[in-house]
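Breakdown of the fold
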Amino acid sequence: MKKMTFFTRFVDDILAERKTITIRDTSEANLHAGDILDVSTLEEGRWFCRLEVLSVTETKLADLSPLHAAQENMALPELKALIKEIYPEQELFYVIQFGLLTDITQ
């Protein structure tokens, strides 16, 4: 099973299904629809859910839209600033849409 990490600050949004995508660089673009991911926090390595990849779509930073921001549960300027902070100097990304399979309360 493949693994993915998220910043701890996103755990509640993922478990509440307010965050339904993640935007990653090419180093994490080796996912395909149907892949199941064990998900943990980046900071502590604490497992918190299992996700199913629904789709993987290539995009550029300039093409991020209000829909992407809504799927990330943030405003578009905030999303673009965060992406630039995490991935400085990069323009090509992959939007990974996912669905929640299991959380720690089940």
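What counts and how
- Residues numbered from 1 in each chain as written.
- Predicted model: local features only at pLDDT ≥ 70, side-chain atom pairs only at ≥ 80, totals over all residues.
- Heavy atoms only, no water.
- Salt bridge = Lys/Arg side-chain N within 4 Å of Asp/Glu carboxyl O.
- Helix = DSSP H or I, 4+ residues; strand = E, 2+ residues; numbered from the N terminus.
- Buried < 20%, exposed > 50% of the residue type's maximum accessible area, 1.4 Å probe, protein only.

What follows deals with the pattern of salt bridges. This structure, assessed with the given rule, holds five salt bridges. When the shortest N-O distance is used, the salt bridge between Asp-13 and Arg-18 registers 2.9 Å. Note that Arg-50 is salt-bridged to Asp-38, the shortest N-O span being 2.9 Å. With Arg-50 in strand E4 (residues 47-60) and Asp-38 in strand E3 (residues 36-41), the pair connects residues that are twelve residues apart, well separated along the chain. Residue classification places Arg-50 among the partly exposed positions, given a relative accessible area of 27%. A relative accessible area of 19% places Asp-38 in the buried class.

The next point concerns unusual backbone geometry. Within the chain, Glu-17 stands out as a residue other than glycine whose phi angle is a positive 60°. Within the secondary structure layout, Glu-17 lies in the loop between helix H1 (11-15) and strand E2 (21-24). Positive phi outside glycine occurs at Asn-73, with the angle close to 60°. Relative to the helices and strands, Asn-73 resides in the loop between helix H2 (66-72) and helix H3 (76-86). For Asn-73, a relative accessible area of 36% puts it in the partly exposed group.

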